[in-house]
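Single-letter residue listing:
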Amino acid sequence: MKLALLASLIASAAAFAPSSSTGARASTALDAGKKSQALPFLPYPENLAGYVGDAGFDPFRFSDFAPMDFLREAEIKHGRICMLAWLGFVAVDLGARIYPLPEAYEGLTAVTAHDALVQQGAMSQIFLWCSVFEAISTVSVIQMLYEESGREPGYFGFDPLGFLNGKSEAEVNEMKLKEIKNGRLAMLAFSGVVTQAVLTQGPFPYV
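Structural notes, computed from the coordinates. The structure presented is a predicted model; accordingly, all values stated were derived computationally and were not measured.

Conventions and cut-offs
Residues numbered from 1 in each chain as written. Predicted model: local features only at pLDDT ≥ 70, side-chain atom pairs only at ≥ 80, totals over all residues. Heavy atoms only, no water. Core = buried A, V, L, I, M, F, W, Y, C linked by side-chain atoms within 4.5 Å. Buried < 20%, exposed > 50% of the residue type's maximum accessible area, 1.4 Å probe, protein only. Helix = DSSP H or I, 4+ residues; strand = E, 2+ residues; numbered from the N terminus. Contact = heavy atoms within 4.5 Å. Polar contact = N/O pair within 3.5 Å; in protein donor to acceptor, adjacent residues only side chain to side chain.

## Section: the nonpolar core
Residues Phe89, Val90, Ala110, Val193, Ala197 and Tyr206 constitute the largest nonpolar core, which totals 6 residues. Those elements that place two or more of their residues in this core are helix 3 (68-93) and helix 6 (169-200). Apart from residues lying up to four places away in sequence, Tyr206 is in contact with Phe89, Val90, Asp93, Val193, Gln196, Ala197 and Thr200. Counting residues in hydrophobic clusters, the runner-up holds 5 residues, among them Tyr105, Leu108, Ala116 and Leu117.

## Side note on the environment of Arg97
Take Arg97: it is sitting in the loop between helix 3 and helix 4 (113-120). Overall, the relative accessible area of 28% leaves Arg97 in the partly exposed class. Excluding its chain neighbours within four sequence positions, the residues that come into contact with Arg97 are Val92 and Leu108. At 2.8 Å, the side chain of Arg97 forms a polar contact with the backbone oxygen of Val92. A distance of 3.0 Å separates a polar side-chain atom of Arg97 from the backbone oxygen of Leu108.

What follows is the structure, given as structure tokens:
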């Protein structure tokens, strides 16, 4: 009887004592209540944590069902393409040309060039070579995702000017952040410049 009474007292005391499992659940509950920095009315997408440029922006929750390294690879690639695309689009309307210029390309703007290049076959060549480069680069992406190659998303060892030489990890991450931010801006900018150019049919700055 005394042993049963003692056991019941110990059990009662234990009910008021903090435990590690309770702390873990509390921590998880706090994390679950964290809000996105970019969209404070939505919960924070936890799979974004640890990636450079994370602002909690994933309203469609792609990171819940797609590998984050794949998503980051796609973001960096599209950002780089749009930085080049914006520059090339505007350069054409500012008069930049590659000589000798075929007669069929005379008087074209960045907007009207598309249909003319399709008719001349130039767009088919661009599509072919882009497909070749895409197929080759896919090998490294597959190795990164499924073979744990250790490759970082978007990394191809391309740094001809040595911007990252001798840099600390913090400085390298700062450079990565600059690229990601400029890439995100370029994706919006290229969409905007094409839309404005089509609407106005005018030269740069398309007003």
